[in-house]
Each structure stands twice: as C-alpha cells, then as structure tokens.
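The chain contents come next:
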Amino acid sequence: MPLPFNTTLNSKGKINFSAPMRDVNNAINEFLNSETPAAYATPMPQISEGVLRFDSDVTWAVGHLMAMEQAQQFHTRNDVTNAIPKYRQAVSAIVGDSFEVPLYSAEGGGYRSQKYISFDMPKRYMLMKAFNGIGECLMKLGHDAEALSWFEEVDLIYRNMRLANDVPMFDWIDVNITSVSYTVERGRGLLRMCELFLKLGNTGAAAQRRWLASTSIVSLPEGDEGKKAAEGMNETIDLVKLLRMRHPDPKFSAKLELQNPDLQVRGSWAKIEIPKEKSIQPRCGFASFVWNGRLYIFGGEKYHTGPYFRDLHYLDLSNIKAGWHQLPEYPLPDPIQFRCTGWKMFVYNNKAYFFNGRPEVYYFDLVAERWSHIRTKYSEGRWPYARYGLMDYGGVILDSTIYIFGGNHNTSELGCTLLMSLDLSDPSYTWKRLSGHATQPSIQPEFDAPGPRRYVSMWLDDSVKGKERIYVLYGEANRQGAKIHNEKHASSESFGYDDFWSWDVHGKSWRRERLAGNVPSPRSESACTFNKQLGLAVVFGGYMGSVPTIRMEPQPVQHTFTYYADTFVYVPPSIPLSSSSSSSSSSSSSGHRWKQVITRGFPTYRAQSHLITDPSTGKIYLFGGYTNSQILPDSRHEISRPFGDLWQLKLDMPGGYFEGVDLEEERRTAVAGPWKRCFNCGNAGPWRKCGGSCQGKAFFCEPQCLKEGWKLHKEMHRCRKQ
C-alpha cells in the first residue's frame, strides 16, 4: 500500500510532509492496520493494557515505512547489498541509531532488552519483519553466522514480549498470540533458522525449529487468513522428513564438511577398548570425576527399575588395558541411604565429596581409600529437602566451595530453584542459600532467575580469575512427576526448557544468556564438561520429551520423544573467537559462541552419559548412559539399554589431541551410533564385517560394494582373504 503523501528532509534533518498532520496520522494508521490487522483487532491484556497508539510525532513511522518499502523493492530484485542498509535504516527508525542490534554486549547476556519490552505489538511486528529481511539477504550472500543472529533476534522479540507482563509466568504457560502477521513473521524466522541448521548438519536444531514453527500456528484464528498462513508455513520444509532423521543422522555425517569455522569445528570420537573381563557393569545415574590421572565411577543404576549400584571403581587413564579397579563400596545400606543414583561428586583436598540432599555429606579419602562423612547445616534453619534427599541436580566446585542447583525430591517432584553453596574450608560446614527455593509454594516464577528443573547441564567457567561464572543450560520441569504426587503445576507431560543462564559468582546474580550461533537443540539429561585448557564447554547427547521421532523400521512408529548423539562446544565471552570466515561482521563474530563438532562417527544416541575432562592433560572422555529400546530396537533390552563404554573426544584446535586423526579412514570406517559404515559407499547400517585377515576393520553393505572397495581396503588395512 503506497503512502498518499510526499516527504522532504529540511535543513535540520526533520521530515516535512506534503499533507496535513491529521491526514498523515490517518494514512499511517491505515497502513499499519493493513499490515498488522490482528494486532490491532485483538488486545493482549496479559502483556499490556490493550491500548495500541502512536506518538504524536510520527516521524519514526514514516522513516520506517519508507525505508522498508525501498528495502523490499531491492530485495525483490535480488539486489541484497542495497536492501540490507535500507532494512537497517528501517530498524534504526524504531530503535534509534545508537541502539546495538542484534543484542550482544549491548545489554548483559544479549537476551533481555528493556527497549523490546517497552514496544507495542505493531513496533514488534515491524522489527521482526525487518530482521527477517536482513537475515534472508545475508543468507543469499552466504553469510550464515550473521544471518542466524538476525533470525535469533526475531525470536528474542517474541521472548521479550513475555517480560512485558506485570506478573512473571512459568515458561510452560503459553502466550496466546492471535495476530496472523505477527505469528507468520516469527514462523518465518524459525523456518530460516531451520534451513541454516540443515545446511550446517545440525539436524537436531533444524527439527526443533521446524516443530516449533508448526506448533506456533495452532493459536491462529480460524478463517482464510490463518489457513493460508498455516499452509504456507507447512509447505516450506517437510516436517515429516525432519522427524525421520536422527541427530546426527548417519546418512549425512560421513559427508559433512567444515563449512564455517565460526559455527563448526572438526572433531573425532575414538572408542577406547577395555578388556571385557576387566570392565564394569553398564549404567546411568552415576557420579564421576578424574583425580591424579584416574577416572572414578560411583554408584548409578543399570535400569530405572534396578539393580542399583553402590560400588566405586577407578580406571588408570595411562594404563587402560589394566581395566577397572574396585575400591571399598559405599558403607551405608539401602534402607538407610536409599539408592546411590542421581548424585554428583566433588574433589577437594584429596577427598571426593558427594551430596545426596542430606545434612550428612559423605566423602571418600582418595589417599587412604576409605569412607567418612561431615555433618553440615543450613543457614536458614530447617533443612530444605525432604527425608530421602535430592536427586538429579546440577553441581560444580570452585576452589573449596560446592555449588548445588535444582534437582527434585519427595516434596517437589516438579524440581527446585534453590542455588546454595558449601565452603569445605569453613569448619562450620554451613550451606548458604544464594537464590531460589526448594519447596512449594515458595517456588514461584521469576523474570530474572531460572525456573524449577532437574537434569540440567551445568558447568563452571573459571578461566578468568575474578570473573568466574556458573552456566546452566536447559533441563526439565518434571510436571508428570508432579501429577503423580498431586503437586501444583502438574501435567500429563513434562516440560523441556529452552533457556541458558549464568550465575555471577562474585556479583551473586543470575543473567539469562543469548543462545547464539550453531546451538544444541533444547534437551535434558545431556553430558557436559568445561575444559580449562581449551577455554570452552562441551555438551553431548541428551533427551527431549516434546520433539517427536518417527522410526521407519521395522515398521513406521512415531514416538513423542527424541534421543541425541550430537556434540557442541561453547566458547564463553571471555575467550575471543577466531573469525576466519569472511561472512561475519565484527559484532556477529563476537556474539556467535556455540559451534557444532563435526564428526564422522559418534557414540550411540543416549542420555545421562558423563563427559569428564582430565585436568592434568586436558583430554575429554565420555562414559556410560542409556537409551530407549523403542528408539533403537534391541531384543536383549525391552525398555532401555544401558552403556558401559568409554570414548575420547578429539577437537581440531591447539591442545585438542587431533594430531593423527585420519579423516579419510573415519569416513569409511567410523562407527555411526549403533550402526557400521560401509567402507565403499559410506552408508550406515547393520552391515557384515570383512572376513579377511584385517579382523573386521571394514564393513560392506552388499557384494557390489565389497567388489568395488576391496582393492583400497586391501591396501589401507593390509587385509588378505582367509
């Protein structure tokens, strides 16, 4: 719709109009009503007072609309280099020239924006449309990292809208948006992110963004406009095709190449073989740590129904062939201590302490090799947890201080928000409450702190002295467990969070962080570790209960959940990123902190595995976990399958132990989860191994591939027919 007046710029930089101001106001409002009809027709009392009006000075609106009209003309003609500055001009007309967009360092964490919160619905919609335009132009230029940041910004406007409410809400409470135009722009941004993630091989994030775009249109009003918008969104990317994929998908992992160093890093998963007779039972829910070159595993369970372990073993990482060594078991019997699962251990002064949610904190003396305990108390009087203690929490240790966050217990199956600390060098042994609560009804939603949860990924970044931060990624609100125990906020389905927080150890405050770059899809029960030598965190695998998976074999079945085996690294803001890609501007490269690790092979899809860094060498190990037998059919395990395997992750960066990795060898032979890769064609499946003298170093999917690949296999592995 063209504007029915002309404009000129006077000597003071103000816009003069060729029509009376009243007519200008009417024309602009008519234009905006045509662009955002539902936003004007439907007030949103839970977000604002429902009064949508414009300032008496409409210069900003005219400047925005004129710039948008020019930008879209350039965009339509594929002249994206001229379209981008016009889109930026349209953005500046609303937010001002001095406001940094996208949000990186402009406002702490790059997530919360008071300006976005203060905007009304039309301004939010107009910004989302301009952001999408910039992102699409950058996609055409091949600037993927920068394009992602603008599509992320579209979603941030939607999320900041929740913060405009007078009363905070739990994340599982949806904001009902009935504006077709607004919903379409958000969906447009999600679909573009899906395209970029697919291009980068991040199938998990691609499927989750596509699923979110699909579910967002449910709230659209009935009628031709809503139906047309839904059809357009559903035709863009085949949702069913995405839900059939695994994450990572073995069909593509062998063919993935490093496309963008700002968003990807090469890696390699190497399985470490331990003599079978010197192995320990497979398990999940265990505790782990590395001390003095030894990997320790304590407790856990084989299945969720048992058996439950109380054992303690160590593996000498310099002598793997010696296998696992057994140490004295945890001394308290089951009736007193219940089961040793869902806990963490923390090493201080040659002792490994574990916290089970009770005042008695037991520890294992690593030198004397015997158990003992200390008696602790709570700074606010009554002990915060129920009789059977706390499970499935997050925990880290900084110097002598243990930090515990979240988890669930008998009187709060939903999860906790309590963050507390214990200084082991203080002989009073007093737990101090830092934030949040352990029980209902004290657990309430907050704008500036994470909600109740369990199964978080939690790590400590202590790479810069005096600027230590504790990071909390994702997790799950156990609403299903709350329903079983008749608690508040119950539901038939649990809720998977999609947020990222950090705790300032010295400032004692939470900050919500921007999820920027090639991010892991939302999940819980994932493995994580912080590698101080490399200055980054690593996240692997996990589980998501609200993103479906379609299994095609032996017959098509749709499951309501997904298991992952993808790997990511997070470089905190204290570490500068190399920006070898010409696609990134200076602001873009400083804000993109997540990268996917591109590997040819990978451990099987699983949850509750552990990533552990050896502090003396910087080597990264993965142990254990479980997967659902419905996702990976297994005749020996009816419900779930536990793992007791050990892997090492190697990263293509200084100190990442990537030297000696043969990428061509991995492309042909790397294990892809539960499947083998055909040496000749690279396809993954239940193939038969070579019967020659190589002792099964290669697999072939069919006789033709064996015929074609035999010569190269013979030369590479010195194989001879037997």
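This text goes with the structure placed above it.
Every residue gets a number counted from 1 within its own chain, in the order that chain's sequence is written. Local features are withheld for residues below a pLDDT of 70 in this predicted model, meaning they are given only at 70 or higher, and side-chain atom pairs are given and counted only at 80 or more; totals for whole chains, interfaces and linings count all residues. To obtain the side-chain values, all non-hydrogen atoms of the structure were used and water was disregarded.

Asks: Is there a simple way to explain the sheet that holds strand 13 (residues 394-398) in this structure?
Replies: Within a sheet, each strand pairs with its neighbour through backbone hydrogen bonds, oriented either parallel or antiparallel. As summarised here, the arrangement of the five strands in space is 12-16-15-14-13, forming an open sheet in which the pairing is mixed. The open sheet is flanked by strand 12 (377-378) and strand 13, the only strands paired with a single partner. In this description, strands pair whenever DSSP reports at least two bridges between them. Labels follow the DSSP assignment, with helices taken as runs of H or I lasting at least four residues and strands as runs of E lasting at least two, numbered in each case from the N terminus. The pairing of strand 12 with strand 16 (residues 430-435) spans two bridges and is parallel. In the strand pairing of strand 16, Lys377 is matched with Thr430.

Asks: Where do I start with the pairing of strand 8 (residues 344-348) in this structure?
Replies: Both strand 8 and strand 9 (residues 351-355) contribute to a ladder of five bridges, which runs antiparallel. Across the sheet, the residue bridging to Phe346 is Tyr353, located in strand 9. Between strand 8 and strand 9, which pair antiparallel and follow one another directly, the connecting turn spans two residues, one of which, Asn349, has a positive phi of 55°.

Asks: Whenever I open this one, the sheet that holds strand 6 (residues 308-316) confuses me. Can you help?
Replies: Spatial strand order, 4-5-6-7: four strands in an open sheet with antiparallel pairing. Strand pairing shows two members of the sheet lacking a second neighbour, strand 4 (287-291) and strand 7 (324-327), which therefore form its edges. Taking the axes of each pair of neighbouring strands and ignoring which way they run, one obtains an average angle of 25° across the sheet. Note: strand 5 (residues 294-301) against strand 6, seven bridges, orientation antiparallel. An axis is simply a line fitted to the C-alpha atoms; with a helix, the fit covers only the stretch in contact. Between two such axes, the angle follows the N-to-C directions and lies from 0 to 180 degrees.

Asks: In this structure, what is going on with the pattern of salt bridges? I would like to understand it.
Replies: Where charged atoms of side chains with opposite charge meet at close range, the side chains can pair. The rule for a salt bridge is simple: a side-chain nitrogen of Lys or Arg has to be within 4 Å of a carboxyl oxygen of Asp or Glu. All chains considered together, the criterion is met by 26 salt bridges. Residue Arg186 pairs with Asp155 through a salt bridge whose shortest N-O separation is 3.2 Å. Placement of Arg186 in helix 8 (residues 180-200) and of Asp155 in helix 7 (residues 144-162) is noted, with a sequence separation of 31 residues between them. For the residue pair Arg186 and Asp155, the accessibility class agrees, reading buried in each case. The salt bridge involving Asp399 is made with Lys465; its shortest N-O contact spans 3.7 Å. Only protein chains enter the area calculation, which uses a 1.4 Å probe; residues under 20% of their type maximum are buried, those over 50% are exposed, and those in between are partly exposed.

Asks: What exactly am I supposed to notice about the side chain of His610 here?
Replies: Take His610: it is sitting in strand 29 (residues 610-613). Reaching out from His610, the side chain makes a polar contact with the backbone oxygen of Phe286 at a distance of 3.1 Å. We define a polar contact as two N or O atoms separated by no more than 3.5 Å, with the added condition that, inside protein, one atom must be a possible hydrogen donor and the other a possible acceptor, whereas residues neighbouring each other in sequence contribute only through side-chain atom pairs. Among the polar contacts made by the side chain of His610, one reaches the side chain of Ser288 at a distance of 2.7 Å. Contacts were defined at the residue level, with two residues in contact if any of their heavy atoms lie within 4.5 Å. Not counting the four nearest positions on each side in its chain, His610 is found in contact with Phe286, Ala287, Ser288, Ala527, Tyr621, Leu622 and Phe623.

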